[in-house]
Amino acid sequence: MSAERVQPKLIIHGGAGSSLKGKGGVESVRKSLYRVIDEVYALLRSGATAQAAVIHGCQMLEDDPRFNAGTGSVLQSDGQIRMSAALMDGASQRFSGVINVSRVQNPITLARALQTSHDRVLSDHGAAELLRELELPAYDPLTEIRLQEWIQERQGNFSREMAGVVAERELVEDTAGRGTIGVVVLDDQGCIAVGTSTGGKGFERIGRVSDSAMPAGNYATARAAVSCTGIGEDIIDECLAARIVVRVDDGQPLVSAFERSFREAHQHQRDLGAIGLDATGAIAWGKTSEVLLAAYHDGEKVGDTLEWDDGLLVGCLPG
Ligand code: GLY
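Residues numbered from 1 in each chain as written. Predicted model: local features only at pLDDT ≥ 70, side-chain atom pairs only at ≥ 80, totals over all residues. Heavy atoms only, no water.

Student: Any chance you could explain the overall build of the chain here in plain terms?
Tutor: From N to C terminus, the chain includes 8 helices and 14 strands. Computed over the C-alpha atoms, the radius of gyration of the chain is 18 Å, within 12% of the 20 Å expected from 2.2 N^0.38 for a compact globule of 319 residues. Along the longest, intermediate and shortest principal axes, the C-alpha atoms of the chain span 60 × 50 × 35 Å. A burial count over the chain gives 58% of its 319 residues as buried. Sequence-distant contacts in the chain: of pairs separated by 6 or more residues, those separated by 24 or more amount to 67%. Approximately 12900 Å² of the chain is accessible, and the part contributed by carbon and sulfur atoms is 48%. Treating the 31 positive side-chain charges of the chain as one cloud and the 44 negative ones as another, the clouds have centres 0 Å apart. (Helix = DSSP H or I, 4+ residues; strand = E, 2+ residues; numbered from the N terminus. Rg over C-alpha atoms; globule rule 2.2 N^0.38 Å. Buried < 20%, exposed > 50% of the residue type's maximum accessible area, 1.4 Å probe, protein only. Contact = heavy atoms within 4.5 Å. Areas by Shrake-Rupley, 256 points an atom, 1.4 Å probe, with all protein chains shown as cover. Lys, Arg positive; Asp, Glu negative; His and termini not counted. Charge placed at Lys NZ, Arg CZ, Asp CG, Glu CD.)

Student: Sorry if this is basic, but what is going on with the site of the ligand here?
Tutor: Around the ligand sit Thr180, Thr198, Gly200, Lys201, Arg208, Ser210, Asp211, Gly230, Ile231 and Gly232, and that is every residue in its neighbourhood. With respect to the ligand, the side chain of Ser210 contributes an N or O atom lying 3.0 Å from an oxygen atom. A distance of 2.8 Å separates an oxygen atom of the ligand from a polar backbone atom of Gly232. When the ligand is considered free in solution it has 200 Å² of accessible area, and contact with the protein chains removes 100% of it. The residue makeup of the shell around the ligand, split by class, is 1 nonpolar, 6 polar and 3 charged. (Near = heavy atom within 4 Å. Polar contact = N/O pair within 3.5 Å; in protein donor to acceptor, adjacent residues only side chain to side chain. Nonpolar A, V, L, I, M, F, W, Y, C, P; charged D, E, K, R; others polar.)

Student: Can you help me understand the UniProt feature "binding site: substrate" (unreviewed entry) in the chain in this one?
Tutor: Here, UniProt's "binding site: substrate" (unreviewed entry) annotation points to Arg208, Val209, Ser210, Asp211, Thr229, Gly230, Ile231 and Gly232. When you line up the elements, Thr229 lands in strand β9 (residues 224-230). Looking at Thr229, the relative accessible area reads 1%, which means it is buried. Here the side chain of Thr229 touches Ala16 through a polar contact of 3.3 Å, landing on its backbone nitrogen. Mapped onto the elements, Gly232 comes out in helix α6 (residues 232-238). Gly232 has contacts with Arg208 and Asp211, leaving out every residue within four places of it along the chain. (UniProt positions renumbered as here; feature names shortened; annotations may be inferred.)

Student: Please clarify how the environment of Ile108 should be interpreted in this entry.
Tutor: Mapped onto the elements of the fold, Ile108 is located in helix α3 (residues 107-113). Classification of Ile108 by relative accessible area gives buried; the value is 0%. Those residues in contact with Ile108 that lie beyond four places of it in its chain are Ile55, Cys58, Gln59, Glu62, Ala85, Ala86, Leu87, Gly195 and Thr196.

Student: Can you help me understand the pattern of salt bridges in this one?
Tutor: Counting across every chain of the model gives 17 salt bridges. For Glu204, the salt bridge goes to Arg208, with nearest N and O atoms at 3.6 Å. Residue class for Glu204 comes out buried when judged on its relative accessible area of 6%. Arg208 sits in the buried class, given a relative accessible area of 12%. The shortest N-O distance in the salt bridge between Glu264 and Arg247 comes to 3.0 Å. Residue Glu264 is located in helix α8 (residues 254-267), and its partner Arg247 is located in helix α7 (residues 240-249); the two are separated by 17 residues in the primary sequence. Like Arg247, Glu264 is buried. (Salt bridge = Lys/Arg side-chain N within 4 Å of Asp/Glu carboxyl O.)

Structure representation (C-alpha coordinates):
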(Lines give C-alpha, C1' and ligand atoms only; values in the text may rest on other atoms or scores of the structure.)
Protein backbone atom coordinates (compact mmCIF):
# COMPACT_ATOMS: atom_id res chain seq x y z
CA MET A 1 0.00 0.00 0.00
CA SER A 2 1.49 3.39 -1.02
CA ALA A 3 2.02 6.15 1.57
CA GLU A 4 -1.07 8.21 0.54
CA ARG A 5 -3.45 5.27 0.73
CA VAL A 6 -5.53 4.83 3.86
CA GLN A 7 -7.01 1.73 5.45
CA PRO A 8 -10.60 1.35 4.18
CA LYS A 9 -13.34 1.20 6.83
CA LEU A 10 -16.91 -0.06 6.56
CA ILE A 11 -20.00 -0.12 8.77
CA ILE A 12 -23.49 -1.28 7.73
CA HIS A 13 -26.89 -1.68 9.38
CA GLY A 14 -30.06 -3.65 8.78
CA GLY A 15 -32.32 -1.64 11.10
CA ALA A 16 -33.03 -1.18 14.78
CA GLY A 17 -35.87 -2.44 16.91
CA SER A 18 -37.24 -3.78 20.14
CA SER A 19 -36.25 -7.44 19.91
CA LEU A 20 -34.81 -10.18 17.77
CA LYS A 21 -36.70 -13.41 18.04
CA GLY A 22 -34.25 -15.50 20.05
CA LYS A 23 -30.81 -16.75 19.20
CA GLY A 24 -31.84 -18.19 15.81
CA GLY A 25 -32.86 -14.68 14.76
CA VAL A 26 -29.54 -13.20 15.87
CA GLU A 27 -27.46 -15.81 14.06
CA SER A 28 -29.31 -15.53 10.77
CA VAL A 29 -29.15 -11.71 10.82
CA ARG A 30 -25.43 -11.92 11.62
CA LYS A 31 -24.90 -14.25 8.65
CA SER A 32 -26.74 -11.86 6.33
CA LEU A 33 -24.76 -8.82 7.54
CA TYR A 34 -21.36 -10.59 7.41
CA ARG A 35 -21.98 -11.72 3.83
CA VAL A 36 -22.33 -8.05 2.87
CA ILE A 37 -19.33 -6.98 4.98
CA ASP A 38 -17.09 -9.66 3.38
CA GLU A 39 -18.09 -8.83 -0.19
CA VAL A 40 -18.00 -5.03 0.16
CA TYR A 41 -14.72 -5.03 2.09
CA ALA A 42 -13.14 -7.20 -0.65
CA LEU A 43 -14.25 -4.56 -3.16
CA LEU A 44 -12.67 -1.82 -1.04
CA ARG A 45 -9.41 -3.79 -0.82
CA SER A 46 -9.38 -3.99 -4.62
CA GLY A 47 -9.62 -0.19 -4.86
CA ALA A 48 -13.37 0.45 -5.25
CA THR A 49 -14.47 4.00 -4.55
CA ALA A 50 -16.52 4.78 -1.45
CA GLN A 51 -19.55 5.53 -3.62
CA ALA A 52 -19.28 2.25 -5.59
CA ALA A 53 -18.87 0.27 -2.35
CA VAL A 54 -21.90 1.99 -0.79
CA ILE A 55 -24.05 1.23 -3.84
CA HIS A 56 -22.98 -2.42 -3.89
CA GLY A 57 -23.60 -2.86 -0.16
CA CYS A 58 -27.02 -1.18 -0.33
CA GLN A 59 -28.03 -3.33 -3.30
CA MET A 60 -27.04 -6.51 -1.42
CA LEU A 61 -29.03 -5.45 1.65
CA GLU A 62 -31.99 -4.38 -0.51
CA ASP A 63 -31.91 -7.81 -2.21
CA ASP A 64 -31.97 -9.67 1.13
CA PRO A 65 -35.68 -10.29 1.93
CA ARG A 66 -34.89 -10.30 5.64
CA PHE A 67 -34.44 -6.52 5.73
CA ASN A 68 -37.00 -3.76 5.21
CA ALA A 69 -35.64 -2.23 1.99
CA GLY A 70 -36.01 -3.35 -1.63
CA THR A 71 -37.16 -6.99 -1.67
CA GLY A 72 -38.90 -7.65 1.65
CA SER A 73 -40.06 -4.08 2.15
CA VAL A 74 -43.04 -3.65 4.45
CA LEU A 75 -46.50 -2.81 3.14
CA GLN A 76 -48.16 0.52 3.84
CA SER A 77 -51.73 0.83 5.16
CA ASP A 78 -53.23 0.46 1.68
CA GLY A 79 -51.25 -2.73 1.00
CA GLN A 80 -48.77 -1.04 -1.36
CA ILE A 81 -44.97 -0.94 -1.09
CA ARG A 82 -43.35 2.49 -1.39
CA MET A 83 -39.61 2.72 -0.89
CA SER A 84 -37.16 5.56 -0.29
CA ALA A 85 -33.38 5.70 -0.66
CA ALA A 86 -30.58 8.26 -0.61
CA LEU A 87 -26.91 8.48 -1.44
CA MET A 88 -24.49 11.15 -0.25
CA ASP A 89 -20.94 11.51 -1.43
CA GLY A 90 -18.68 13.21 1.09
CA ALA A 91 -16.05 14.50 -1.36
CA SER A 92 -18.59 16.34 -3.55
CA GLN A 93 -20.99 16.84 -0.60
CA ARG A 94 -23.86 15.92 -2.91
CA PHE A 95 -27.12 14.36 -1.72
CA SER A 96 -29.48 12.51 -4.08
CA GLY A 97 -32.51 10.36 -3.42
CA VAL A 98 -35.93 8.98 -4.25
CA ILE A 99 -39.03 9.10 -2.08
CA ASN A 100 -41.93 6.62 -2.15
CA VAL A 101 -40.94 4.77 -5.32
CA SER A 102 -42.57 1.45 -6.33
CA ARG A 103 -41.84 -1.46 -8.70
CA VAL A 104 -38.04 -1.22 -8.63
CA GLN A 105 -35.56 -3.80 -7.34
CA ASN A 106 -32.96 -1.36 -6.02
CA PRO A 107 -34.10 2.14 -5.06
CA ILE A 108 -30.45 3.04 -4.33
CA THR A 109 -29.74 2.64 -8.08
CA LEU A 110 -32.16 5.51 -8.73
CA ALA A 111 -30.42 7.63 -6.08
CA ARG A 112 -27.09 6.95 -7.81
CA ALA A 113 -28.50 7.98 -11.21
CA LEU A 114 -29.55 11.31 -9.66
CA GLN A 115 -26.09 12.14 -8.27
CA THR A 116 -25.15 14.02 -11.45
CA SER A 117 -28.62 15.42 -12.19
CA HIS A 118 -29.80 19.02 -11.72
CA ASP A 119 -32.86 17.71 -9.85
CA ARG A 120 -31.43 15.38 -7.25
CA VAL A 121 -34.40 14.29 -5.08
CA LEU A 122 -37.47 12.87 -6.82
CA SER A 123 -40.72 11.62 -5.31
CA ASP A 124 -43.29 9.06 -6.51
CA HIS A 125 -44.26 10.14 -10.07
CA GLY A 126 -40.86 11.66 -10.84
CA ALA A 127 -39.09 8.57 -9.57
CA ALA A 128 -41.38 6.35 -11.68
CA GLU A 129 -40.53 8.45 -14.74
CA LEU A 130 -36.80 8.08 -13.96
CA LEU A 131 -37.27 4.33 -13.75
CA ARG A 132 -38.67 4.36 -17.28
CA GLU A 133 -35.90 6.65 -18.56
CA LEU A 134 -33.24 4.32 -17.17
CA GLU A 135 -35.08 1.36 -18.72
CA LEU A 136 -34.93 -0.56 -15.46
CA PRO A 137 -37.29 -3.57 -15.53
CA ALA A 138 -40.45 -3.40 -13.42
CA TYR A 139 -39.94 -5.46 -10.26
CA ASP A 140 -42.27 -6.54 -7.47
CA PRO A 141 -40.45 -6.43 -4.10
CA LEU A 142 -43.34 -8.11 -2.25
CA THR A 143 -42.55 -11.21 -0.16
CA GLU A 144 -45.03 -13.72 1.25
CA ILE A 145 -43.92 -13.00 4.84
CA ARG A 146 -44.53 -9.26 4.49
CA LEU A 147 -47.91 -9.92 2.84
CA GLN A 148 -48.96 -12.21 5.72
CA GLU A 149 -47.75 -9.58 8.21
CA TRP A 150 -50.00 -6.98 6.53
CA ILE A 151 -53.00 -9.37 6.35
CA GLN A 152 -52.61 -10.15 10.05
CA GLU A 153 -52.36 -6.47 10.85
CA ARG A 154 -55.40 -5.64 8.73
CA GLN A 155 -57.39 -8.18 10.75
CA GLY A 156 -56.33 -6.27 13.86
CA ASN A 157 -57.36 -3.00 12.17
CA PHE A 158 -53.72 -1.79 12.02
CA SER A 159 -53.30 -1.46 15.79
CA ARG A 160 -49.50 -1.80 15.60
CA GLU A 161 -47.65 1.36 14.76
CA MET A 162 -45.16 -0.32 12.46
CA ALA A 163 -44.02 -3.61 10.97
CA GLY A 164 -41.25 -5.96 12.17
CA VAL A 165 -37.64 -4.86 11.83
CA VAL A 166 -36.75 -8.12 10.11
CA ALA A 167 -39.11 -10.42 8.23
CA GLU A 168 -39.68 -13.52 10.32
CA ARG A 169 -41.48 -16.72 9.44
CA GLU A 170 -43.60 -16.79 12.56
CA LEU A 171 -45.13 -13.43 13.22
CA VAL A 172 -44.87 -12.28 16.80
CA GLU A 173 -46.31 -9.27 18.53
CA ASP A 174 -43.16 -7.95 20.17
CA THR A 175 -40.90 -7.46 17.16
CA ALA A 176 -41.96 -3.88 16.56
CA GLY A 177 -39.22 -2.56 14.36
CA ARG A 178 -37.84 0.35 12.52
CA GLY A 179 -36.30 -1.39 9.55
CA THR A 180 -33.97 0.40 7.20
CA ILE A 181 -30.60 -0.51 5.71
CA GLY A 182 -27.51 1.65 5.57
CA VAL A 183 -23.87 1.51 4.44
CA VAL A 184 -21.07 3.93 5.38
CA VAL A 185 -17.61 3.68 3.79
CA LEU A 186 -14.14 5.23 3.94
CA ASP A 187 -12.20 4.14 0.83
CA ASP A 188 -8.44 3.80 0.32
CA GLN A 189 -8.24 7.36 -1.07
CA GLY A 190 -9.73 8.73 2.16
CA CYS A 191 -13.11 9.48 0.53
CA ILE A 192 -16.36 8.93 2.40
CA ALA A 193 -19.88 8.01 1.18
CA VAL A 194 -23.15 6.88 2.75
CA GLY A 195 -26.35 5.26 1.49
CA THR A 196 -29.64 4.49 3.24
CA SER A 197 -32.73 2.67 1.94
CA THR A 198 -36.08 1.74 3.47
CA GLY A 199 -39.59 0.43 2.91
CA GLY A 200 -40.77 2.86 5.61
CA LYS A 201 -42.41 2.04 8.96
CA GLY A 202 -45.04 -0.30 7.60
CA PHE A 203 -48.82 0.28 7.87
CA GLU A 204 -48.32 4.07 7.53
CA ARG A 205 -50.79 6.35 5.79
CA ILE A 206 -50.34 7.00 2.08
CA GLY A 207 -47.89 9.80 1.35
CA ARG A 208 -45.95 9.57 4.61
CA VAL A 209 -42.28 10.42 3.92
CA SER A 210 -39.39 8.54 5.55
CA ASP A 211 -36.27 10.15 7.01
CA SER A 212 -34.04 7.89 4.88
CA ALA A 213 -34.12 10.18 1.84
CA MET A 214 -33.52 13.31 3.91
CA PRO A 215 -30.27 14.70 5.38
CA ALA A 216 -31.80 13.84 8.78
CA GLY A 217 -31.36 10.14 7.99
CA ASN A 218 -28.40 10.10 5.59
CA TYR A 219 -25.66 12.71 5.52
CA ALA A 220 -21.95 13.06 4.66
CA THR A 221 -19.20 15.63 4.25
CA ALA A 222 -15.51 15.07 3.48
CA ARG A 223 -14.98 14.61 7.24
CA ALA A 224 -17.74 12.22 8.36
CA ALA A 225 -20.86 10.31 7.32
CA VAL A 226 -23.86 8.88 9.17
CA SER A 227 -26.81 6.61 8.29
CA CYS A 228 -29.80 6.40 10.65
CA THR A 229 -32.48 3.85 11.42
CA GLY A 230 -35.47 3.92 13.72
CA ILE A 231 -38.71 5.85 13.77
CA GLY A 232 -38.41 8.36 10.95
CA GLU A 233 -40.31 11.07 12.76
CA ASP A 234 -37.89 10.82 15.73
CA ILE A 235 -34.87 10.94 13.41
CA ILE A 236 -36.27 13.99 11.61
CA ASP A 237 -37.01 15.76 14.91
CA GLU A 238 -33.36 15.26 15.95
CA CYS A 239 -32.05 15.84 12.39
CA LEU A 240 -29.71 13.13 13.60
CA ALA A 241 -27.36 12.33 10.70
CA ALA A 242 -26.69 15.97 9.83
CA ARG A 243 -26.45 16.88 13.54
CA ILE A 244 -23.67 14.35 14.18
CA VAL A 245 -21.77 15.13 10.96
CA VAL A 246 -21.89 18.92 11.48
CA ARG A 247 -20.51 18.44 14.99
CA VAL A 248 -17.56 16.52 13.51
CA ASP A 249 -17.13 19.25 10.86
CA ASP A 250 -17.01 21.78 13.69
CA GLY A 251 -14.13 19.91 15.31
CA GLN A 252 -15.64 17.34 17.69
CA PRO A 253 -14.22 13.81 17.53
CA LEU A 254 -16.72 11.35 16.03
CA VAL A 255 -17.33 9.52 19.28
CA SER A 256 -18.06 12.77 21.19
CA ALA A 257 -20.44 13.87 18.44
CA PHE A 258 -22.25 10.53 18.71
CA GLU A 259 -22.30 10.68 22.53
CA ARG A 260 -23.69 14.20 22.70
CA SER A 261 -26.29 13.57 19.99
CA PHE A 262 -27.46 10.30 21.56
CA ARG A 263 -27.66 11.86 25.04
CA GLU A 264 -29.97 14.48 23.54
CA ALA A 265 -32.00 11.86 21.64
CA HIS A 266 -32.35 9.81 24.84
CA GLN A 267 -33.50 12.89 26.81
CA HIS A 268 -36.08 13.52 24.09
CA GLN A 269 -37.25 9.88 24.36
CA ARG A 270 -36.53 9.10 20.73
CA ASP A 271 -36.49 5.58 19.32
CA LEU A 272 -33.62 5.35 16.83
CA GLY A 273 -30.12 4.18 15.95
CA ALA A 274 -27.22 5.37 13.79
CA ILE A 275 -23.89 4.25 12.37
CA GLY A 276 -21.04 6.43 11.12
CA LEU A 277 -17.38 6.92 10.46
CA ASP A 278 -14.95 9.78 9.93
CA ALA A 279 -11.94 10.61 7.76
CA THR A 280 -9.51 9.53 10.51
CA GLY A 281 -10.96 6.01 10.25
CA ALA A 282 -12.92 6.11 13.52
CA ILE A 283 -16.14 4.08 13.47
CA ALA A 284 -19.12 4.70 15.79
CA TRP A 285 -22.64 3.46 16.41
CA GLY A 286 -25.43 4.43 18.77
CA LYS A 287 -28.95 3.46 19.76
CA THR A 288 -31.79 4.47 22.01
CA SER A 289 -33.80 1.45 20.80
CA GLU A 290 -33.21 -2.02 22.29
CA VAL A 291 -31.26 -3.49 19.40
CA LEU A 292 -29.19 -2.14 16.54
CA LEU A 293 -28.47 -4.55 13.70
CA ALA A 294 -25.06 -3.26 12.65
CA ALA A 295 -21.77 -4.87 11.57
CA TYR A 296 -18.38 -3.38 10.70
CA HIS A 297 -14.92 -4.06 9.27
CA ASP A 298 -12.11 -1.87 10.67
CA GLY A 299 -9.38 -3.25 8.39
CA GLU A 300 -8.34 -5.91 10.86
CA LYS A 301 -11.47 -7.45 12.24
CA VAL A 302 -15.18 -7.88 11.66
CA GLY A 303 -17.62 -7.24 14.50
CA ASP A 304 -21.26 -6.44 15.17
CA THR A 305 -23.70 -4.85 17.60
CA LEU A 306 -26.38 -7.56 17.55
CA GLU A 307 -25.91 -8.52 21.20
CA TRP A 308 -24.58 -5.15 22.36
CA ASP A 309 -26.24 -4.61 25.71
CA ASP A 310 -23.85 -2.73 28.05
CA GLY A 311 -26.31 0.04 28.85
CA LEU A 312 -24.30 2.65 26.94
CA LEU A 313 -25.87 4.71 24.18
CA VAL A 314 -22.76 4.71 21.96
CA GLY A 315 -19.97 2.32 20.94
CA CYS A 316 -16.85 3.10 18.90
CA LEU A 317 -13.58 1.94 17.39
CA PRO A 318 -10.74 4.51 17.17
CA GLY A 319 -9.26 5.57 13.82
N1 GLY B 1 -36.48 5.05 9.37
C2 GLY B 1 -37.39 4.57 8.41
C3 GLY B 1 -38.70 5.21 8.48
O4 GLY B 1 -39.15 5.62 9.53
O5 GLY B 1 -39.32 5.30 7.47
